[in-house]
Amino acid sequence: MKKIRVLVVEDSLTIRKRILEVLGADPEIDIVGEADDGKRGIELCEQLRPDVVTLDMMLPNMNGLAATEFIMAYCPTPILIVSASTNRGDLFKTFDALAAGALEALDKPKGNELDDDWEKKLVATVKFISRIKVITHPRARLGRMGQTPFSSTLVKQASKSLPNPGRLRAVAIGVSTGGPAALIEILQGLPEGFQPPILLVIHVGKLFTPAFAEWLDKQSPVRVGYAVDGEPLPPCGDTRVLMAPPDKHLVLSQGKLRLTQEPERHSCRPSIDVLFESFAQELGAGGAACLLTGMGRDGAAGLLAIRRAGGRTIAQDEATSVVFGMPREAILLGAAEQVLPLH
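Computed from a prediction, not measured in an experiment: that's the story for all the values here.

Asker: Which residues make up the overall build of the chain, and what values go with them?
Answerer: Of the regular secondary structure elements, the chain holds 11 helices and 14 strands. Looking at the 343 residues of the chain, the share that counts as buried comes to 52%.

Have a look at this one:
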């Protein structure tokens with residue numbers, strides 16, 4: 001059996017040794033190189049062509065974001081961000097790296113873990129992303145993902161105005177692996193005059209989640225924030241994205257948003273299924289939902305509930321999904337009224 005070839009890029013000798021030790025102990029993984037700065041990491045990536053790169057964000061010579069942009073533009077490779085950064089600026093760089101093509105983000109070990117959960121998660125994530133066929137991100141060659149600051153003309157150019165959605169009361173979106181880039185494309189492509197509020201569940205590691213809404217807000221033409229327990233569902237015309245906060249399910253009930261800590265669904269809290277099922281029950285034909293790229297099956301049953309209730313349902317297609325897991329499960333259930341490419 002062919003081993004998974006891994007390059008480890010980490011400037012902390014202690015953390016690097018820990019990662020090397022954990023990955024090297026697995027018989028299915030082969031450590032092919034290590035680097036302590038971003039520039040050297042890129043050089044080794046080009047030379048060795050590993051199956052996976054584990055990459056710190058705070059690196060000398062070239063930081064993790066710049067390294068991600070270069071790798072995804074010139075030698076696309078599955079990248080796992082392994083970071084301990086918790087301040088706002090560093091977290092934003094992590095999200096920028098995910099939007100530029102990095103696949104997952106994992107927090108660094110703190111050294112006081114009482115079990116081997118972190119080790120298991122590291123190994124499982126490396127094995128998982130090694131199976132993903134990544135694509136070249138040519139926008140990264142322009143720097144900062146090729147993005148320009150948002151302006152009102154972006155939405156005008158993205159699409160013609162849609163007619164009044166009529167009975168459509170709200171939209172729900174569920175997404176996991178590949179989510180940051182997918183959400184940016186969707187939100188920046190909203191047509192002028194788009195009215196329904198958007199409820200969002202995304203699977204992001206707990207360490208990184210607190211700043212995600214603020215980061216997404218800066219990329220979006222409509223406001224993005226975390227839902228507050230008990231707040232009313234905004235009316236059409238008050239177009240906002242309301243996200244499930246860390247470690248809480250988002251539920252729509254009697255016209256209000258509720259946050260709960262009910263048990264995990266599909267090992268997830270927040271769970272897309274939990275939101276979608278409440279959405280179906282509350283809005284019926286007045287709701288529309290979209291299930292995007294992601295691993296597993298969270299959201300598939302909920303999307304089916306929305307379709308059975310008369311709502312409109314969309315699943316992202318395989319060609320544009322980073323991971324065609326959640327959309328595929330929904331399609332197999334007959335939950336998707338339409339299967340569409342991301343754009």
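Asker: How would you summarise the sheet that holds strand β6 (residues 170–175) if you had to cite specific residues and measurements?
Answerer: Spatially, β8-β9-β7-β6-β12-β13-β14 is the arrangement adopted by the seven strands of the open sheet, whose pairing is parallel. A single partner strand is all that each edge strand has here, and the edge strands are β8 (223–226) and β14 (338–340). The average undirected angle you get between the axes of adjacent strands in this sheet is 20 degrees. Bridge count for β6 against strand β12 (residues 287–291) is five bridges, and the pairing is parallel. Within β12, the residue paired with A170 across the bridge is G287. Sheet contacts for helix α9 (residues 272–283): β6, β7 (198–202) and β12; angle to β6, the most-contacted strand, approximately 165 degrees.

Asker: How would you summarise the confidence of the model for the chain if you had to cite specific residues and measurements?
Answerer: In this model, the chain carries an average pLDDT of 89, and 89% of its residues clear a pLDDT of 70 or more. Between residues 139–164, whose pLDDT stays under 50, and residues either more than four places distant or in other chains, the model counts 37 contacts.

Asker: Outline the environment of E10, listing residues and values.
Answerer: One can find E10 in the loop between β1 (4–9) and α1 (13–24). Among the residues examined, E10 registers a relative accessible area of 1% and is labelled buried. For the pair formed by E10 and E34, sequence separation is 24 residues and the distance between their alpha carbons is 7.7 Å. Apart from the residues lying within four places of it in its own chain, the contact partners of E10 are I15, R16, A35, D36, D56, L59, V82 and K108.

Asker: Explain the sheet that holds strand β2 (residues 29–35) to me, using residue names and the numbers behind them.
Answerer: With respect to topology, five strands assemble into an open sheet ordered β2-β1-β3-β4-β5, the strand pairing being parallel. Looking at strand neighbours, the two that pair on one side only are β2 and β5 (104–107), the edges of this open sheet. For this sheet, the mean angle separating the axes of adjacent strands, direction not counted, is 25 degrees. Direction of pairing for β1 relative to β2: parallel, over a ladder of six bridges. Residue V6 lies in a different strand from β2, and its bridge partner there is I31.

Asker: Account for the packing of aromatic side chains, naming residues and giving values.
Answerer: Applying the stated rule across the entire model yields four aromatic pairs. Ring centres 5.0 Å apart and planes at 90 degrees place the aromatic pair F95 and F212 in the edge-to-face group. In this pair, F95 is assigned in helix α4 (residues 88–99) and F212 in helix α8 (residues 212–219), connecting sequence segments 117 residues apart. On the basis of relative accessible area, F212 is assigned to the buried category, the value being 0%. Both rings, one in F212 and one in W215, keep their centres 5.5 Å apart while their planes meet at 40 degrees; by these two values the pair is tilted. Of the two residues, F212 and W215 are both situated in helix α8; the distance of three residues between them amounts to about one turn of the helix. Here F212 and W215 have matching classes, each one buried.

Asker: Pulling in residues and values, what's your account of helix α10 (residues 300–308)?
Answerer: Within α10, the full set of buried residues consists of A300, G302, L303, L304 and I306. Where α10 ends, the next residue or the one after it, G310, has phi of about 100 degrees, a positive value.

Asker: Now, about the state of the cysteines: what can you tell me, with residues and values included?
Answerer: As enumerated under the stated definition, the model contains zero disulfides in all. Here C45 stays free of any disulfide, with the sulfur of C75 as its closest cysteine sulfur at 3.7 Å.

Asker: Quick rundown of the side chain of E231? Include the residues and the values.
Answerer: Tracing the backbone shows E231 in the loop between β8 and β9 (240–243). Among buried charged residues, E231 stands out as having no salt bridge; its nearest opposite-charge side chain is R240, 4.0 Å away. A polar contact of 2.6 Å, which involves the side chain of E231, links it to the backbone nitrogen of V228. Those residues in contact with E231 that sit more than four places away from it in its chain are Y226, R240, L242, K256 and L257.

Asker: Any details on the pattern of salt bridges? Residues and values, ideally.
Answerer: Tallied over the full model, the rule gives 15 salt bridges. Across the pair K127 and D26 runs a salt bridge whose closest N-O atoms are separated by 3.0 Å. With K127 in helix α5 (residues 117–129) and D26 in the loop between α1 and β2, this pair connects stretches of sequence that are 101 residues apart. Considered together, K127 and D26 belong to a single accessibility category, that of buried residues.

Rules used in this analysis
- Residues numbered from 1 in each chain as written.
- Predicted model: local features only at pLDDT ≥ 70, side-chain atom pairs only at ≥ 80, totals over all residues.
- Heavy atoms only, no water.
- Helix = DSSP H or I, 4+ residues; strand = E, 2+ residues; numbered from the N terminus.
- Buried < 20%, exposed > 50% of the residue type's maximum accessible area, 1.4 Å probe, protein only.
- Pairing = 2+ DSSP bridges.
- Axes fitted to C-alpha atoms, helices over the stretch in contact; angles between N-to-C directions.
- Contact = heavy atoms within 4.5 Å.
- pLDDT = per-residue confidence, 0-100.
- Phe/Tyr/Trp six-rings, centres within 6.5 Å; stacked < 30°, edge-to-face > 60°.
- Disulfide = S-S within 2.5 Å.
- Lys, Arg positive; Asp, Glu negative; His and termini not counted.
- Salt bridge = Lys/Arg side-chain N within 4 Å of Asp/Glu carboxyl O.
- Polar contact = N/O pair within 3.5 Å; in protein donor to acceptor, adjacent residues only side chain to side chain.

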